[in-house]
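This is what each chain is made of:
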Amino acid sequence: MTAEETEKTKKCDCEDTQRHFLNRAFETLRLDDAQRNLLLSSFRETLISIPLKVRRNGIEMLRTFTGFRVQHNHARGPFKGGLRYHPASNLNEIRALAQLMTWKTALVNIPYGGAKGGIAVDPAELHADELEVLTKRFTQKMRPLLGVHQDIVAPDVGTNPRVMAWILEEYSKAHGYTPGIVTGKPLELGGSEGRLEATGYGVATITRQAAADHGLELNQARVVIQGFGNVGSHVAQRLADLGATVIALSDARGGVLCESGIDVAAALAHVRENTWLEGLPGTETISNAELLELPCDILIPAALESVIDCDNAERIRADMIVEAANMPITHQADDILRERGKIVVPDVLANAGGVLASYYEWVQNLQEFPWERDTVFYRLEERLLRTYGEVHRLAAHKGVDMRTAAYELAIHRVSEAIRLRGF
Ligand code: NAD
């Protein structure tokens, strides 16, 4: 590859990756250009500026943040998707993530469309009261677009149940108490049992099934996880409970490695005390780049997108990669991994437990009837394994990879809904 080609490849963003994956499925579904264009277009893209006064060292400063909400498709139900707070958030990224939500909700067959939002902000740079004002201003400006049967928000990178509570409060000022406007909210405000753990729990459920299908028992498996936030920490905990040996973990500061296995409960306690994993007793420090290339059975990227690209795909040594994060593998890297015989369990399936549990939370809110924790996990696991089975069978039947099979199922459902509605 020439230097120019390498540079061009590096610039590949999530949108390129998404389009490339979709094109594979479009081919097998034989959709024409007009149908493809419709499926790729966002219903609505909104960009707002949010002014905020912050006080540092006694000096007041005005800062202006950019907020986004992309509503991709609502043929199958209200728009649904997370809200991300990250300094590098931008419209292209949010657009690609909104699309992914459309396919994910269709794949697990719940009555939602797809959306995603974000604010280009590092939440760690703001005090809690500033973040609250920023969140409430975002909600004020986006309020006309939101609604329990219109667009429902959830947590994503950099946001959490507390942020959801602020959105609920701001939205409810105009509409009366409306818990169903957000999912992933605190239990005290109508949140669901199990929602916090659901994405990670679901990733672990799918990982166990995919491993078993390839002759690997979890209690024999050595696992590496990138990202120790909501998703990564709960995957780590659940896989450890299922008998796997978690040998490495990381966060934005870097990674920790212990060949004989990390005590995940101790890692959680360490992060509660010290914010970061670094300095976890009994581990050695490694970089995030080194972590991805460790020899192991299962690698689980659970942080950000595009961390496995054409630069490091040749050096990935895990046999199986389970995408807990959204779009952690670029399309070029996906091709390389496939050629190298690696098993990739795609995000659209692997992390769908999050939106499934969000759907269960919304249903409980609409019915004003909370479910027991066991009911949530029973339904989550049952639906995820059923979906996994559908994807696995289609992939085997058509001789395609799991991602293409998952997209085929999802795209077919969305295009059928569009056809039936007649718009
Ligand atoms: P989070 O903010 O709770 O955690 C993110 C983690 O990644 C943190 O440990 C952070 O330190 C780490 N991180 C940030 N930048 C990093 C970098 N450059 N290198 C390595 N680690 C880095 O976010 P989350 O909710 O756990 O989401 C993680 C991923 O899972 C995202 O791709 C998100 O879109 C996806 N996801 C989340 C949910 C959900 O329910 N929260 C559902 C589906 C998919």
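Note that this is a predicted model, so its numbers are computed, not measured.

What counts, and where the lines are drawn
Residues numbered from 1 in each chain as written. Predicted model: local features only at pLDDT ≥ 70, side-chain atom pairs only at ≥ 80, totals over all residues. Heavy atoms only, no water. Near = heavy atom within 4 Å. Areas by Shrake-Rupley, 256 points an atom, 1.4 Å probe, with all protein chains shown as cover. Helix = DSSP H or I, 4+ residues; strand = E, 2+ residues; numbered from the N terminus. Domains from an automatic or database assignment. Axes fitted to C-alpha atoms, helices over the stretch in contact; angles between N-to-C directions. Parallel < 35°, antiparallel > 145°, perpendicular 65-115°, else oblique. Left-handed = near helix turned anticlockwise from the far one by under 90°. Contact = heavy atoms within 4.5 Å. Buried < 20%, exposed > 50% of the residue type's maximum accessible area, 1.4 Å probe, protein only. Pairing = 2+ DSSP bridges. Buried area = accessible area lost by both parts, 1.4 Å probe. Salt bridge = Lys/Arg side-chain N within 4 Å of Asp/Glu carboxyl O. Polar contact = N/O pair within 3.5 Å; in protein donor to acceptor, adjacent residues only side chain to side chain. Core = buried A, V, L, I, M, F, W, Y, C linked by side-chain atoms within 4.5 Å.

Undergrad: Explain the site of the ligand here, please?
TA: Around the ligand sit 23 residues in total, of which D156, T199, N230, V231 and N326 are the nearest. When isolated, the ligand has an accessible area of 830 Å², and the protein chains bury 83% of it. Within the residue set of the shell around the ligand, elements represented by two or more residues are α7 (195–213) and α8 (230–241). Per-domain counts for the shell around the ligand show at least three residues from each of domain 1 (1–41 + 194–352 + 402–423) and domain 2 (42–178).

Undergrad: Help me understand the packing of helix α13 (residues 353–367) against helix α14 (residues 373–398) in this model?
TA: Any two packed helices are characterised by how steeply their axes cross, that is the angle between the axes, and by the distance between the axes. α14 packs onto α13 with a crossing angle of 135° between their chain directions and a minimal axis gap of 10 Å. The pairing of α13 with α14 is recorded here as oblique in orientation. By crossing handedness, the relation of α13 to α14 is classed as right-handed. Where α13 abuts α14, its residues G353, L356, A357, Y360 and Q364 lie against V376, R379, L380, R383 and L384.

Undergrad: How do you make sense of unusual backbone geometry when you look at a structure like this?
TA: Outside of glycine, negative phi angles account for most residues, and trans bonds account for most peptide bonds. Here the phi dihedral of N57 falls at roughly 50°; this positive angle occurs in a residue that is not glycine. Looking at the secondary structure, you find N57 in the loop between β1 (44–56) and β2 (59–73). Phi at N109 is positive, roughly 60°, even though this residue is not glycine. Inspection of the secondary structure assignment puts N109 in the loop between α4 (91–107) and β4 (114–119). Judged by relative accessible area, N109 falls into the partly exposed class, the value being 42%.

Undergrad: Sorry, what's going on with the sheet that holds strand β6 (residues 222–226) here?
TA: Think of a sheet as strands paired side by side through backbone hydrogen bonds, with each pair either parallel or antiparallel. With mixed pairing, the 7 strands of this open sheet are ordered in space as β9-β8-β7-β6-β10-β11-β12. Every interior strand has two partners, whereas the edge strands, β9 (284–286) and β12 (343–345), have only one. Pairs of neighbouring strands in the sheet enclose a mean axial angle of 20°, with direction left out of account.

Undergrad: What is the right way to read the environment of I247 from this model?
TA: Tracing the backbone shows I247 in strand β7 (residues 245–251). Sequence-wise, I247 and R222 are 25 residues apart; in three dimensions their C-alpha atoms are separated by 6.4 Å. Once residues within four sequence positions are removed from consideration, I247 is found in contact with R222, V223, V224, V256, L257, C258, E259, I262, P295 and C296.

Undergrad: Can you walk me through the pairing of β4 in this structure?
TA: Looking along a regular strand, one sees the side chains alternate between the two faces of the sheet. β4 sits mainly inside the fold: 6 of its 6 residues count as buried. Of the two faces of β4, the one carrying G114, K116 and G118 and the one carrying A115, G117 and I119 are both buried. Bridge count between β2 and β4: 6 bridges; the pairing is antiparallel. Bridging from a neighbouring strand, Q71 pairs with A115 of β4.

Undergrad: Which parts of the structure should I look at to understand the domain arrangement of the protein?
TA: Domain parsing of the protein yields domain 1 (1–41 + 194–352 + 402–423) and domain 2 (42–178). Once you take the C-alpha centre of each, domain 1 and domain 2 turn out to be 23 Å apart. Counting residues at the interface gives 31 residues for domain 1 and 28 residues for domain 2. Carbon and sulfur atoms supply 61% of the area buried between domain 1 and domain 2, which totals about 2400 Å² over both sides. For the pair domain 1 and domain 2, the number of links is 2 salt bridges. Residue R84 is joined to E305 by a salt bridge in which the shortest nitrogen-to-oxygen separation is 3.0 Å. Here domain 1 and domain 2 share 11 residue pairs in polar contact (both at pLDDT 80 or more) between them. Of the residues forming the side of domain 1 that touches domain 2, the biggest block, 10 residues, is contributed by helix α15 (residues 402–421).

Undergrad: Can you walk me through the nonpolar core in this structure?
TA: Side chains of a nonpolar character, in soluble globular proteins, are inclined to be buried together. Counting 86 residues, the largest nonpolar core has W103, I225, L249, I298, I300, L380 and I411 as its most contacted members. For this core, the two domains that each supply at least three residues are domain 1 (1–41 + 194–352 + 402–423) and domain 2 (42–178). Discounting chain neighbours no more than four positions away, the residues touching I300 are V203, T207, V223, V224, I225, Q226, V235, L239, V322 and A324. If you look at the next biggest cluster of nonpolar residues, it comprises 25 residues, including L83, V121, L126 and I167.

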